[in-house]
Structure formats: C-alpha cells, structure tokens
Amino acid sequence: MKKKIKKIVNLGAVEKVPVKSKLPYHLEVKVNDIEFKTDAKDLETALTKFVESPVFPLGAKTIAIIKYSKGENEMMRVLHTPEARRTFNAISLKPSYLAVFAAKLEEGLK
C-alpha cells in the first residue's frame, strides 16, 4: 500500500489591479443583447470602431444605452428604439453624420 503525500503550497495573496487604458475616451454601447466596449483617442474614432465592428446592429430592436467618458467625466445617453434605428442607420451610411453625432455627445463632457 502506497502512502499518500499531501503537499501544501502557500501562494500568498494575489491582488488584481485593473489595467487603466492610456487612451482618454471610453465607449460602451448596449443594444439588442450586444455589448460593445472600446477605448480611443477621441469619441469619433470610438464610434467608428463600433460602426466597423462585426457586432454593429443593422436594425435596433431594443433601446440603446450609450455610455461614454473622458477621464473622470462620464455620461450616459439612452436612445429609444425609433431614435436608435434612425441614428444607427444614419451613422452607418454617412460618415459625416457620425462626426455630428460624436460632436453632440462630446458637448456633454465639457
């Protein structure tokens, strides 16, 4: 009969520290059970990443919650379904609308 040997290993306390991004703008979009998060140098670039991502919804079926921040300033915008449909359709078809939408969102951060 073999003797069972039990090893006790003490790894110590491991502390998880969240990694902070060096990019100033953060964007989170929740719509149609899709959650998209990104960081960018400006809000227009973050929105462009969202539009070009494979998870971009072609039609909004639920409300869209857009959370965006610059440093410590954080804002949230809720787009109800008809407004979300119009907005997502417009920013996906014309890049100039994307720039206007980004400028409107940035007004609240200043």
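What you see is a predicted model, and the numbers here were worked out from it, not measured in a lab.

## Details of the pairing of strand E1 (residues 25-31)
- Buried residues dominate E1, accounting for five of its seven residues.
- Direction of pairing for E1 relative to strand E2 (residues 34-40): antiparallel, over a ladder of seven bridges. Looking across to E2, one finds that Val 29 is bridged to Phe 36.
- Here E1 folds back onto E2 in antiparallel fashion, the turn holding two residues, of which Asn 32 has a positive phi close to 50°.
- Across six bridges, the pairing between E1 and strand E3 (residues 64-70) is antiparallel. If you follow Tyr 25 over to E3, its bridge partner there is Lys 70.

## What to know about unusual backbone geometry
- A positive phi is found at Asn 32, a non-glycine position, where the angle reads about 50°.
- Of the residues examined, Asn 32 reaches a relative accessible area of 19% and is grouped as buried.
- Residue Asp 33 is not a glycine yet carries a positive backbone phi of 60°.
- Note on placement: Asp 33 falls in the loop between E1 and E2.
- Given a relative accessible area of 86%, Asp 33 falls into the exposed group.

## Quick look at the packing of helix H2 (residues 81-93) against helix H3 (residues 95-107)
- Following both chains from N to C, one finds H2 and H3 inclined at 125°, their axes separated by 5 Å at the closest point. On the basis of their axis angle, the class for H2 and H3 is oblique. Where H2 abuts H3, its residues Thr 87, Ala 90, Ile 91 and Leu 93 lie against Pro 95, Tyr 97, Leu 98 and Phe 101.
- Of the residues assigned to the contact of H2 with H3, the class counts are seven nonpolar, one polar and no charged.

## Re a nonpolar patch on the surface
- On the surface, a cluster of nonpolar side chains totalling about 250 Å² of accessible area is made up of Ile 63, Met 76 and Val 78.
- In this structure, Ile 63 sits in the loop between helix H1 (43-52) and E3.
- Residue class for Ile 63 comes out partly exposed when judged on its relative accessible area of 39%.

Criteria and thresholds
Residues numbered from 1 in each chain as written. Predicted model: local features only at pLDDT ≥ 70, side-chain atom pairs only at ≥ 80, totals over all residues. Heavy atoms only, no water. Buried < 20%, exposed > 50% of the residue type's maximum accessible area, 1.4 Å probe, protein only. Helix = DSSP H or I, 4+ residues; strand = E, 2+ residues; numbered from the N terminus. Pairing = 2+ DSSP bridges. Axes fitted to C-alpha atoms, helices over the stretch in contact; angles between N-to-C directions. Parallel < 35°, antiparallel > 145°, perpendicular 65-115°, else oblique. Contact = heavy atoms within 4.5 Å. Nonpolar A, V, L, I, M, F, W, Y, C, P; charged D, E, K, R; others polar. Patch = residues over 30% accessible without salt bridge, like charges linked within 9 Å, V, L, I, M, F, W, Y side chains within 5 Å. Areas by Shrake-Rupley, 256 points an atom, 1.4 Å probe, with all protein chains shown as cover. Salt bridge = Lys/Arg side-chain N within 4 Å of Asp/Glu carboxyl O.

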